[in-house]
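The residues making up each chain are set out below.
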Amino acid sequence: MPTLLEKLQRVDPDYYTPEVVSPMEACLERIRDLKRARNAVILAHNYQRPEIFEVADFLGDSLGLSLDATRVGDAEVIVFCGVHFMAETAKILNPAKRVLLPNLAAGCSLADTATGPAVRARKEELRDLHPDLQVVSYVNTTAEVKAESDACCTSSNAVSVVRAMESRTILFIPDQNLARHVAQHVPEKTIIAWDGYCYVHHQITADSIIAMRTQFPGIQILVHPECRDDVVALADASLSTSGMVEFAKASRAQEFLAVTECGLSDLLQIQVPEKTFYRACKICRFMKAISLEDVEESLKQNRFEITIDETTREGAKQALTKMFELTGGSRDNLALPRSVADE
Ligand code: 13P
Ligand code: SF4
């Protein structure tokens, strides 16, 4: 078993020096004790800082973590190391548990592009033209927006959810890039996109990916569907974050480029050390807001508790339940244009 220092040095040997890692080890021990004392579990998204992975009971993408949030058993406290809408999703599905987000700076600018009143107004405007309109909202939305939606989806099941909706006209909120990805895979429906985008994925340019492919011709390029369409067009596979990890593990290829937030490249480096991962990633300031110290304080002081009014929670829960019903909790294979088996 590699030591914590060895694992973290795989990610960044210049930052994770013995002087930096030693206090982290002590903090990790205190967090493990607090977890036991508080009967708490920690859910962490794949983009978190690598030291957070060490205390995660569940680690995954948005879909995996929403499913995990329903499987925490007798735990009384859920500490969510991710961003606000993810912690809200855990609370929507587990109203009886105390759900904590260790740092309130962990928001999401994509989720913030849509508000409940704005979605209500857009629905009314569009219903005159499209009486059968239904709303599918990406899980990267507030509880208020989920409550205005007929179903939720994540990056790994967006195509399946939209295809299975009763209506032929879908207002897709809030990511325009994921909306376009869905429209390409479900040509029989009209997709009306909200005009939001993720600032992290939108910064990544096709030129930067072409330059990497020219330098390393054998690499497999894995792209998150929140990227621009000219970037997705260069991908060997367009996948959710956990989809990328599974692909890299299962593939016979040795060299990869994960085109998404940098935390995913860190995770790949730790979990698949025998393969090579080049970087064309950007950092999400929201996903990196939570530190180990925040997690410790969160467990000590119940910081910061997620609350949702019951009417909104019920509405949002219906949209999440519809997603689970339509997909049976499974992943969307169409997110994978060229399957690993085809290589
Ligand atoms: P995943 O569901 O693919 O992990 O994506 C979450 C996210 O916020 C991407 O920016
Ligand atoms: Fe939001 Fe983009 Fe950050 Fe994901 S990567 S949390 S979508 S800002």
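First, a word on scope: everything that follows refers to the structure included in this document. Just so it is clear, the model here is predicted, and its values are computed rather than measured.

The tally for this structure, following the rule as stated, stands at 1 disulfide. At a sulfur-sulfur separation of 2.2 Å, the disulfide partner of Cys 262 is Cys 281. Residues Cys 262 and Cys 281 are joined by a disulfide whose S-S torsion is about 100 degrees; by sign, that bridge is right-handed. Linking Cys 262 in helix H14 (residues 262–271) with Cys 281 in the loop between strand E12 (276–279) and helix H15 (292–301), this pair joins segments that are 19 residues apart in sequence. Accessibility expressed as a relative area gives 10% for Cys 262, which makes it buried.

Overall, parallel pairing links the 4 strands, which are arranged E10-E9-E11-E12 in an open sheet. Edge strands, defined here as strands with exactly one partner in the open sheet, are strand E10 (237–238) and E12. Two strands pair when backbone bridges link them, and strand E11 (residues 255–259) and E12 are joined in this way by 4 bridges, in the parallel orientation. Among the inter-strand pairings, Ala 258 is bridged to a residue of E12, identified as Arg 279.

What follows concerns the packing of aromatic side chains. Across all of its chains, the model carries 4 aromatic pairs by this definition. Measuring from ring centre to ring centre gives 6.0 Å for Tyr 199 and Phe 286, while their planes differ by 85 degrees; the resulting arrangement is edge-to-face. With Tyr 199 in helix H10 (residues 199–202) and Phe 286 in the loop between E12 and H15, this pair connects stretches of sequence that are 87 residues apart. On the basis of relative accessible area, Phe 286 is assigned to the buried category, the value being 12%.

His 45, Tyr 47, Asp 61, Ser 62, Asn 140, Ser 155, His 201, His 224, Glu 226, Ser 240 and Thr 241 make up every residue found near ligand 1. The separation between an oxygen atom of ligand 1 and a polar side-chain atom of Glu 226 is 3.0 Å. Out of a free accessible area of 300 Å², ligand 1 has 96% covered by protein chains. When grouped by side-chain class, the residues that make up the shell around ligand 1 number 1 nonpolar, 8 polar and 2 charged.

Let us look at the pattern of salt bridges. Enumeration according to the criterion identifies 20 salt bridges in this entry. Glu 29 serves as the salt-bridge partner of Arg 32, at 3.0 Å between the closest nitrogen and oxygen. Within this pair, Arg 32 and its partner Glu 29 are both found in helix H2 (residues 18–38), separated by 3 residues, close to a single helical turn. By relative accessible area, which is 41% here, Glu 29 ends up partly exposed. Between Glu 261 and Lys 288 there is a salt bridge whose closest N-O contact spans 3.0 Å. Taken as a pair, Glu 261 in the loop between E11 and H14 and Lys 288 in the loop between E12 and H15 lie far apart in primary sequence, 27 residues in all. Note on Glu 261: relative accessible area 0%, which makes it buried. Where salt bridges share partners, they join Arg 30, Glu 296, Glu 297 and Lys 300 into one cluster.

Calculation rules
- Here the residue index of a chain counts from 1 through its sequence in written order.
- To read the labels, note that chains go from A and ligands from 1, taken in the order they are written.
- Only residues with pLDDT of at least 70 get local features here, since the model is predicted, and only at 80 or more are side-chain atom pairs given and counted; chain-wide, interface and lining totals rely on the full set of residues.
- Hydrogens and waters are ignored; side-chain quantities use all the structure's heavy atoms.
- Only a pair of cysteine sulfur atoms within 2.5 Å qualifies as a disulfide here.
- Helical segments are the DSSP runs of H or I of at least four residues, strand segments are the runs of E of at least two, and each set is numbered from the N terminus.
- Burial classes follow relative accessibility: with a 1.4 Å probe on protein chains only, a residue under 20% of its type's maximum area counts as buried, one over 50% as exposed, and anything between as partly exposed.
- At least two DSSP bridges between two strands are required for those strands to pair.
- Side-chain rings of Phe, Tyr and Trp (the six-membered ring for Trp) are treated as a pair once their centres are within 6.5 Å; stacked means planes under 30 degrees apart, edge-to-face means over 60, and tilted covers the remaining angles.
- Only heavy atoms are used to decide nearness, and a residue is near a molecule or strand if one of them lies within 4 Å of it.
- Counting of polar contacts relies on pairs of N or O atoms within 3.5 Å, with two restrictions inside protein: one atom must be capable of donating a hydrogen and the other of accepting it, and residues adjacent in sequence are counted only when both atoms are side-chain atoms.
- Reported accessibility uses the Shrake-Rupley method at a 1.4 Å probe radius. Residues are deemed covered only where the shown protein chains occlude them.
- Side-chain classes follow a simple rule in which Ala, Val, Leu, Ile, Met, Phe, Trp, Tyr, Cys and Pro form the nonpolar group, Asp, Glu, Lys and Arg form the charged group, and the remainder, Gly included, forms the polar group.
- Think of a salt bridge as a Lys or Arg side-chain nitrogen and an Asp or Glu carboxyl oxygen that are within 4 Å of each other.

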